[in-house]
Each structure stands twice: as C-alpha cells, then as structure tokens.
Amino acid sequence: MERLQVDAQALEEYAEYRRIVGDDDGGKLFTPEEYEEYKRKVLPARLQNRLYVSWRSPTGMDCKLVGPETLCFCTHRYKQHKTDYEVLPKERPISVPCRVKGCPCQSYHFVPLNGTQPVRCRCKHFPDQHSAAPGFPCNSCSKCSGFHSSFTCACGQPAYAHETVVETKEERLAQGKPVGQDVPYAAMGGLTGFSSLAEGYMRLDDSGIGAPSAELLEAPITSMDHPFLKAFQGPSSSAQSMPQIAGSSSATGQVSHRKQSEADDMAYFEKRYQERLKMEKAAKRKERNPVPSKKP
Ligand SMILES: [Zn+2]
Ligand SMILES: [Zn+2]
Ligand SMILES: [Zn+2]
Ligand SMILES: [Zn+2]
Ligand SMILES: [Zn+2]
C-alpha cells in the first residue's frame, strides 16, 4: 500500500515536472535546485508571452489546436520548436523555428493526417519526402513546386487552404477566440482547456481521472503511457475529441501512434525519476521516523 502511494505521487510529480520543463533539461533531470531556478527564470515570460498555435480554415475556424506533441511538417513535435520568448517578436507572422539540430524548419507548420495516414502531396509523395525548408520542395521528384495537399478537412475545405496561425493572447482575445487559463506548462500552443485534450496530452485540470489505479501502478514500466491515454475517458463534448478512443483498449490512429512514441520518450526518464524519488523518500523516512508508516 505504502509503495503504491509513493508511486502515485511520484508519477504525478514527474508528470508535472515534464509538463513544465518539456525537453529543456536536455534529457538529464534537473536537480531540485535547478528545477526551482528554471521555474524562476522561465515561467514569468512563458505566462506573459505565450503563443497560441492553430491550424485555421479559410472559414475562420481553428480545425486543429496544436499541442506539445503535435507533429510539424518537419517531423518534429511542437515542443521541439522555440516556444518560449522572453520578448515577443515584433514581426508578423511570428516564426516558431525548430530547435532540432540541422533541421531546416523555419517555423512550425501543421500537416493534417487522413485518419492514421499522412496526406499526400499532389506530386503523390508524402510530407516527409519533402524538404522542411521554406517552400517545402519535394526530394523525391522534380515536378513538385512545393508541398500541396488537396485532402479535404472535416470543415469541408482543402488542406492547402488552411493556415498554421501563431498569435499572442491579445491577438486572440481581439478576435473573440478562447485563450484558456494561464498555465506554466511548456509548449501549450493552442490548447486552451480540457476539451482540447484530444491530442492525449496529460490532463491539465482537476476534472480528470485522479490518481492512477493500483492495477496501473503494478503494470510493467512499458505501460506508463496509460494515465495519459486514460485522459480520454474524461467528459468532453468538443468536436476536437475522439470519442471512439474512450475506454477502448484498441485505440487507433494518431493516438496510438502518439502513445507509442510518448511511451518511448517517457519510460526511461520515468523510471529514473521514480527510482530517485523513492530513494529520497525512503531516506527521509528513515531520518525522521523510526515508526512504521501508517496504513490507509
Ligand atoms: Zn524540425
Ligand atoms: Zn518544424
Ligand atoms: Zn514529389
Ligand atoms: Zn510534392
Ligand atoms: Zn478545416
């Protein structure tokens, strides 16, 4: 019982750490001091200068709210782009360049999926066969003048007529678009509330699933993705949600794809972090308390 409580708390603390730090620790967990320093340094500007990213139809509708895990045309995720600004750029459109070394992507650019499949260019080649450099020329043929998809979005408009929009809070408010609450989390992009968690990103408010179940905590480390998948079981009436996922163990499409890569990302750090927390907790207990821990 004690072990499970520690695990649930460690999981929650780790999730919170990862939401705030994103990849900014370069793959090496911050010490508690570094973590505090990071928060002191980064959060004020992040809260003030958040950029909202969405994929907008010519009808004005945001057909996709870009979140931390949403893939860019350059094949990297939104969170791998430069999403924190100490001072907001003056020029428009605001560029959100990719931070992955060697990537030619100059600004985040969303490409839709057709169900689980990438959409094809009119040259018949897939997005990743094109260069992510400006103009998106095809690397696999010479007849392509730049990626152009006629795939029809749920809004009825072709993909090519949509635009990846990057805007400030003030700019969104001026258009009457939702901005959500101020959150300290990295690379939130266009996510503005619980209903925009269709991406399967970790739940961000108290209306979700609560502590992970004992069953989950006893599962092998490779299924650490479950709490995030379980976020789908929360109530959501948004058109952005994917109701077929709820309660299903055979999640399909974008979500299962994402689930897998997140599991890869997370498993290693998760394990290390949990081990460290457990050790710290055990040490503290020993130090101050020879009495056996209380049972629930
Ligand atoms: Zn990139
Ligand atoms: Zn990119
Ligand atoms: Zn081509
Ligand atoms: Zn092409
Ligand atoms: Zn659309």
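All residue numbers refer to position in the chain's written sequence, counted from 1. Chains and ligands are labelled sequentially in the order written, the chains with letters from A and the ligands with numbers from 1. Per-residue local features are limited, in this predicted model, to residues with pLDDT of at least 70; the limit for side-chain atom pairs, both in listing and counting, is 80 or more; totals at the level of whole chains, interfaces and linings are taken over all residues.

(A) Looking closely at the overall build of the protein chain. Every helix listed is a DSSP run of H or I at least four residues long, and every strand listed is a run of E at least two residues long, numbered separately from the N terminus. Regarding its fold elements, the protein chain presents 6 helices and 5 strands. Going from the N terminus to the C terminus, the protein chain shows its helices and strands as α-α-β-β-β-β-β-α-α-α-α. Here the C-beta atoms are placed from the backbone, and a residue counts as buried if at least 20 other C-beta atoms lie within 10 Å of its own, exposed if 12 or fewer do, and partly exposed otherwise. For the protein chain, buried positions account for 27% of its 296 residues. The contact criterion used is a C-beta to C-beta distance within 7 Å, with each C-beta placed from the backbone. Within the protein chain, contacts between residues separated by at least 24 positions form 63% of all contacts whose residues are at least 6 apart in sequence.

(B) Spotlight on helix α2 (residues 32-48). Helix length check: α2 (17 residues) gives 24 Å between terminal C-alpha atoms against 24 Å at 1.5 Å per residue, within 8%. Bending of α2 peaks at approximately 40 degrees at the position of V42, with proline P44 no more than four residues after it. An expected span of 1.5 Å times one less than the residue number is assigned to each helix. What is called the bend at a residue is the angle between a pair of axes, fitted to the seven residues leading up to and ending at it and to the seven starting from it.

(C) Structural context of the sheet that holds strand β1 (residues 51-56). In space, the 3 strands of this open sheet follow the order β2-β1-β5, with antiparallel pairing throughout. Each edge of the open sheet carries a strand with a single partner, namely β2 (62-65) and β5 (163-168). For this sheet, the mean inter-axis angle between neighbouring strands, taken without regard to orientation, is 35 degrees. Two strands are said to pair when DSSP picks up at least two bridges between them. In this structure, β1 lies alongside β5, joined through 6 bridges in antiparallel fashion. Comment: axis = line fitted to C-alpha atoms, over the contacting stretch for helices; angle = value between 0 and 180 degrees taken between N-to-C directions.

(D) Structural detail: the confidence of the model for the protein chain. Residues at a pLDDT of 70 or more form 65% of the protein chain, whose mean pLDDT is 76. Confidence, expressed as mean pLDDT per element, reaches its minimum in the protein chain at helix α5 (residues 226-230) with 36 and its maximum at β5 with 97. Residue-level confidence of the predictor, termed pLDDT, takes values from 0 up to 100. Low pLDDT (under 50) marks residues 195-269, which in the prediction has 98 contacts with non-local residues, meaning those over four places away or in another chain.

(E) Highlighting the nonpolar core. Among buried residues, those of type Ala, Val, Leu, Ile, Met, Phe, Trp, Tyr and Cys that are joined through C-beta atoms within 7 Å form a set called a nonpolar core. With 28 residues, the main nonpolar core has V53, V66, C72, F73, C74 and Y78 as its most contacted residues. Broken down by element, this core gets its largest block of residues, 4 residues, from β1. The residues touching C72, leaving out its near neighbours within four places in the chain, are R77, Y78, H81, C98, C105, Y108 and H109.

(F) Main features of unusual backbone geometry. Of the consecutive residues R92 and P93, the connecting peptide bond is found in the cis state with omega at -5 degrees. When you line up the elements, P93 lands in the loop between β2 and β3 (113-114). The phi dihedral of K124 is positive, around 80 degrees, even though this residue is not glycine. Position of K124 relative to the elements: it lies in the loop between β4 (117-118) and β5. Here K124 falls in the exposed class, since 12 other C-beta atoms lie within 10 Å of it. At F136, a residue that is not glycine, the phi angle is positive and equals roughly 50 degrees. Mapped onto the secondary structure, F136 falls in the loop between β4 and β5.

(G) Quick peek at the pairing of β2. Inspection of the sheet shows β1 paired to β2 by 3 bridges, in the antiparallel sense. Across the sheet, residue R56 finds its bridge partner in β2, namely D62. Between β1 and β2, which follow one another and run antiparallel, lie 5 residues, and G60 among them has a positive phi close to 95 degrees.

(H) Looking closely at the environment of P68. Position of P68 among the secondary structure elements: in the loop between β2 and β3. By C-beta crowding, P68 is classed as buried, having 23 other C-beta atoms within 10 Å. Sequence separation of P68 and R19 is 49 residues, and the distance between their C-alpha atoms is 9.1 Å.

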